[in-house]
Amino acid sequence: MMRGQLARLARRPWIWSFVAAAVVWAAMEGFTEGQGAGEVLTAALSFATFSVLVGLGQMFVVTLGPGNVDLSIPATMTLAGTIAMKYMDNQDPRIAVGILLALAAGALVGAFNYGLIRALRIPPIIATLSSSFLFLSAAIWYSRGLRIKPPPAFGDFSIGEVLGLPYLTLGAILLSILLHIALNRTIYGRSVIAIGQNPRAARFSGIPVELTRFATYVMCATLAGLSGCLFSAFSGGAALNMGAEYLLASIAVVVIGGTSVAGGFANVPGIWGASLFLFLIVAMLNTYGFGAGIRMILTGLVIIAVIALAGGQKTQR
Amino acid sequence: MADTPAEIVRLDGAEKQFGAVRALAGVDLAIRTSECLGLVGHNGAGKSTLMNILAGTAAPDRGRITIEGRDLTFGYGAASAHRHGIRCVFQELSLCPNLTVAENLRIMHPALSGFGWQRRAGRLITAKLDEIFPGHGISAGEIVGDLSIARRQMVEVARAFTVTEEPLRLVILDEPTSSLDARAAGQLLAFVRQVVAGGASTILISHLLGEILGTADRVMVMRDGKVVDARPAGDFTRNSLVSAMGSVAREEISADFASKRQEGVAQVRAQPLSQGDGRELTAFRGEVVGLAGLSGHGQTELLVRLATEGRASSERYHVAGPVALVAGDRQSDGIFPLWSIARNISVRSLKALSRGLLIDAAREAALADDWRRRINIRTPDVANNILSLSGGNQQKALFARAFGSDAAIVLMDDPLRGVDVGTKQEIYAMIRAEAAEGRTFLWYTTEMDELRHCDHVYVFRNGRIVADLARDALSEEKVLHSSFEEAAS
Amino acid sequence: MTAFVSARLLRSLLPALSLAALLAAIFYLEPRAMSYFGLNLLLNLAVPIALATIAQMFVITVNDLDLSIGAYVGFTACVAATWLKDSPVLGIAVLLGCIALYAAVGALIYLRDLPSIVVTLGMSFVWQGLAVLLLPTPGGHAPGWLLAIMGLRTPFLPFAIFASIGLGFIVHLGLMRSAYGVVLRGAGGNARSVARAGWSMLKIKMTMFALAGLFGALSGLALVGLTTSADANIALRYTLLSIAGVILGGGEFVGGRVSPMGAVIGAATLTLAASFLSFLRLNPDWQIGAQGAILILVLALRLLVTRWERQR
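Residues numbered from 1 in each chain as written. Chains lettered and ligands numbered in written order. Predicted model: local features only at pLDDT ≥ 70, side-chain atom pairs only at ≥ 80, totals over all residues. Heavy atoms only, no water.

Asker: Looking at this structure, how should I read helix H6 (residues 182–197) of chain B?
Answerer: Three or four residues apart is the spacing at which side chains of an α-helix point the same way, because the helix has 3.6 residues per turn. Residue and element names in this part refer to chain B. Helix length check: H6, at 16 residues, gives a terminal C-alpha distance of 23 Å against a target of 22 Å (1.5 Å per residue), a fit within 8%. Listed in full, the buried residues belonging to H6 are Ala-184, Ala-185, Gln-187, Leu-188, Leu-189, Phe-191, Val-192, Val-195 and Val-196. Taken together, the buried residues of H6 touch strand S3 (36–41), helix H4 (117–132), helix H5 (149–161), strand S7 (170–174), strand S8 (201–205) and helix H7 (209–215). Positioned one or two residues after H6, Gly-199 has a phi angle of 115°, which is positive. (Helix = DSSP H or I, 4+ residues; strand = E, 2+ residues; numbered from the N terminus. Expected span 1.5 Å × (residues − 1). Buried < 20%, exposed > 50% of the residue type's maximum accessible area, 1.4 Å probe, protein only. Contact = heavy atoms within 4.5 Å.)

Asker: Got a minute to help me understand a positive patch on the surface in this structure?
Answerer: Taken together, the side chains of B:Arg119, B:Arg120, B:Arg123 and C:Arg177 define a basic patch exposed on the protein surface. In terms of residue count, the dominant contributor to the positive patch is H4(B) (three residues). With respect to the element layout, B:Arg120 can be found in helix H4. According to the relative accessible area criterion, B:Arg120 is partly exposed, its value standing at 31%. (Patch = residues over 30% accessible without salt bridge, like charges linked within 9 Å, V, L, I, M, F, W, Y side chains within 5 Å. Areas by Shrake-Rupley, 256 points an atom, 1.4 Å probe, with all protein chains shown as cover. Salt bridge = Lys/Arg side-chain N within 4 Å of Asp/Glu carboxyl O. Lys, Arg positive; Asp, Glu negative; His and termini not counted. Charge placed at Lys NZ, Arg CZ, Asp CG, Glu CD.)

Asker: I tried to follow the environment of B:Ala150 on my own but got confused; where do I start?
Answerer: Residues and elements named next belong to chain B. Tracing the chain through its elements places Ala-150 in helix H5. In the structure, Ala-150 is positioned 18 residues away from Leu-168 in sequence and 24 Å away in space, judged by C-alpha atoms. The residues contacting Ala-150, other than those within four sequence positions of it, are Ser-179 and Leu-180.

Asker: What's the story with the sheet that holds strand S13 (residues 288–292) of chain B in this structure? I'm lost.
Answerer: By definition, the strands of a sheet pair up through backbone hydrogen bonds, in either a parallel or an antiparallel sense. Residue and element names in this part refer to chain B. Reading across from one edge, S15-S18-S19-S13-S20-S21 is the order of the six strands in this open sheet, with mixed pairing throughout. On the outer flanks of this sheet lie strand S15 (323–326) and strand S21 (464–470), each paired with one strand and no other. Adjacent strand axes in the sheet meet at a mean angle of 20°, parallel and antiparallel pairs treated alike. Sheet topology places S15 next to strand S18 (residues 409–413); four bridges connect them, and they run parallel. Bridge pairing in S18 links Ala-324 to Val-410. On top of the sheet, helix H9 (residues 299–309) reaches S13, S15, S18, strand S19 (440–444) and strand S20 (456–461); it is set at about 150° to S18, its chief contact. Contacts from helix H14 (residues 421–436) reach S13, S18 and S19, with the element oriented near 145° to S19. (Pairing = 2+ DSSP bridges. Axes fitted to C-alpha atoms, helices over the stretch in contact; angles between N-to-C directions.)

Asker: Would you mind showing me how to read the interface of chain B and chain A here?
Answerer: Size of an interface, as often reported, equals the accessible area lost when the parts are brought together. Facing the 28 residues of chain B at the interface are 26 residues of chain A. Of all residues in chain B, B:Phe336, B:Leu338 and B:Ile359 give up the largest surface area on contact with chain A, accounting jointly for 25% of the area buried on that side. Along the contact surface separating chain B from chain A lie two salt bridges. One salt bridge in this structure joins B:Glu364 and A:Arg190, with 2.9 Å as the shortest N-O distance. Our count for the chain B to chain A interface comes out at eight residue pairs in polar contact (both at pLDDT 80 or more). Those elements that provide at least two residues to the side of chain B that touches chain A are H9, helix H10 (330–333), helix H11 (341–346) and strand S17 (358–359) of chain B. Residue classes in the side of chain B that touches chain A are distributed as 13 nonpolar, eight polar and seven charged. (Buried area = accessible area lost by both parts, 1.4 Å probe. Polar contact = N/O pair within 3.5 Å; in protein donor to acceptor, adjacent residues only side chain to side chain. Nonpolar A, V, L, I, M, F, W, Y, C, P; charged D, E, K, R; others polar.)

Asker: Got a minute to help me understand the side chain of B:Gln299 in this structure?
Answerer: Residues and elements named next belong to chain B. Among the structural elements, Gln-299 can be located in helix H9. On the basis of relative accessible area, Gln-299 is assigned to the buried category, the value being 1%. Among the polar contacts listed, one links the side chain of Gln-299 to the backbone oxygen of Ala-292, at a separation of 3.1 Å.

Asker: What am I meant to see in the interface of chain A and chain C here?
Answerer: On the side of chain C, 39 residues touch chain A, which itself brings 38 residues to the contact. Buried surface at the junction of chain A and chain C, both sides included, amounts to about 3500 Å², of which 82% is carbon and sulfur. On the chain A side of the contact with chain C, A:Phe133, A:Met296 and A:Ile304 bury the most area, a combined 15% of that side's loss. Summed over the shared surface of chain A and chain C, the number is zero salt bridges. Where chain A meets chain C, there are three residue pairs in polar contact (both at pLDDT 80 or more). Taken together, the elements giving at least two residues each to the side of chain A that touches chain C come down to helix H4 (95–119), helix H5 (124–143), helix H11 (244–256) and helix H13 (292–310) of chain A. Looking at which element gives the most residues to the side of chain A that touches chain C, the answer is H13(A), with twelve residues.

Here it is as structure tokens:
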């Protein structure tokens, strides 16, 4: 029953998300009669980049198996962004170290999350939720209410583009390729997928389960930290609510992109398709002139429709 | 007036196809009252599918179902089967672990409702447990998740035999003794004879041929979705039964026994936690060491500890080389269900298959293909999903995973339980071959026959080693003796 | 066997003990709270949170998760503050329709084998959007009868306490003791067997989601009865609070192991935690963080107790 369907399922989700994104974009251009098509695409790519960065990390976490999810992403983004901006203090020479600090903050958050999950046996949903409260508070306290602008070079870089493609997007594409290879062709990637399918069997097969989980949570939070730092530069400063919509976005792009929420099956390209799709849906609704209420309802219905049509998850034991 | 007992159930021309697999290719079956029908066959012979159709949990593609003379093919399902007094105890335990024993009774018996139902359910299940398994020690208020596997099986069986509204007509038992120890198994089989004498009927599926021959009135042999032989049980012997199944029942090679005990340093040393008298299990290079005793007496725990702690050389568990574990419960301990056969095989050998940071895909495919041939996994393509294999072949893939790795020591957790005879013979041969090459095996098995392949056997009781026997000193009587008695070997 | 009983007893008492400890800490910090009026203030909001937690508990029982409960409570609160007051028949019809929609979502999740996290995520957008359409800005007014119920002055202890205990008791009877409740929980423990035994999994899922919809709606009503007016974002935090409440109360995400009384106690604990923090005169920056810390602390305690029990 699952055998033939598996091949189809493997191909269906991520192609589907790209197709959907294209359809939405076309619908939008139909309305505006082609005006600003290029700009919309560029804007889509810019915003999609941030969804992709957090979505990649979330994808690895979710693939570890049912119940694994990182809800602390917005808090990590905020914290890392705040730390980075504050350290950089509008000075160009400080950019490199500032970015490193953001990554380090993310890594520490990831390690803390894992500590709660492992040492205190707290389910990941609750663990990352609790830690998100803590780290958001830390960010609020650390920022002292000030919103510091990014150094000019950094700010320019974050909105710069080449041939219509933003630098950040290029970087994110590169990162995606690396992570795609890691997922499919490295021991680490195989370990994640194995653990997601059958953690006991993984243990008996010599896979270092806990080490892999630790690395995954750290990576997810580090990517969130990177995303927060870049987003702060992109939007001219670290706002305290900047991560709010990226929580739901990170989960949505993972699932719409075809990764199994039950674990054990992941794919990177789908995350791009899903990110573009999500942004374009919102943009299209704006174009057609719908208000916030309708926008939210339609966004929700589209997410459900996409999942319902794609259907099916791995049968859990 | 005819003296033939009435027919309870009749299946005519039952056919069932799952995709490309013909599970049933036209089966006629008739069950009379007061009879125990034994059903034997390979894995993949169609026994479970047939039972699912009888119990209403699967619908046949073609065929007629007649119950007590009435054609009920249309709309037959689990509910109508239940209403007509047909129950089934499947191979996989189907209790809800979060509910109590009494509450689980309710799940199967919707008639238990209304005020005070819990007390009634408790009384009914306790009475039935007392009837089938005297001395069971299970209380109706216990949560099933807290019970051992053997006790869960007992509850499962008792639940099927409990009568609330409809009288019991037919009870299907699919490998019911697989999780029971010898005493409980005996109690169950005796009860089956009682039930049959009382007018109801049972169908007994078991790979333990002794059970079938000793309990059934009539035996039906299935192969490849068809019934190939059906005779009164007395007309069969163990050998004729095996040959009827169409598989080769080779005599085990009883080679001259040469002890490997003196050869160098022990590869494995393990002392169970509750071992008080200083005895420990040792295994030497090239030895096949058996772990015997009643199931659930610490054998699996020992193997798991060796697999997870052995390398760190803790005080009690030590292995001198890499270790691989071949799981017995492959669904929970062995199989990665979304992966291909090849990936399932290669997962233990990823480091060896890597070049730098990346896994070499060509080498991975070669490993899988190599083992497909060596261990004879019946599949057209190792890139197919693992679940496309039959149960026995899935087990072979798990063996390939262990054999194909760098493991010097292979631990086997009763991996051949429920596997067909042909596959077993192939595996025995492989184990002997690998041991001759220098691999060390620790083999926990619940079948006495398999112990004869071991060079040395340790008998477990209550989590402790109570006997250790070299092959030339091994006998079924001694093993049973140690499994039950207090006396030392 | 008696060892099992005592371990389980202790673990089931843990939520109550945490609550008692928190209560004691609050009284220590603010002795004035130890009065009828004080308790009322402290535990008022426990009623809507408890109702939402019970709603979440039903979904968790069948191994799903509802990430939309917060938005849903917000919507029903808006309905209560507008239609229910102005045209009660329409209001009640809409609420019944919402419950039906919840059941439909459950059916969809079951029939298409979808991950409930994502579907309810999508639904949270839908409920929020509906609420924003209904009440773009905070407003509305609770119906008089609702205000009267929630403002009931009961003897000895505040209404909130009686209501919470009553809620826990009724749901306990229904889910843990009744014949069909067993089937509902069994579906969480081993869905396959329950289906094989002839019970309709579709009906079970729809029932649980409908119950979630019912108690979620009651939560919205209770909330509006306390705050008198409503707005679309009034209960967004209920989503995570309800999950935390179920877990604090001893429930587990998978396996169908839940406790109605525990869920109610968990909800009360979380309600108190907010007040506790303000009594601590904590730097407002750290108020949110402290909630996380409390959650971690309680769960760490639970682990310690379980470990200690296992060692005996």
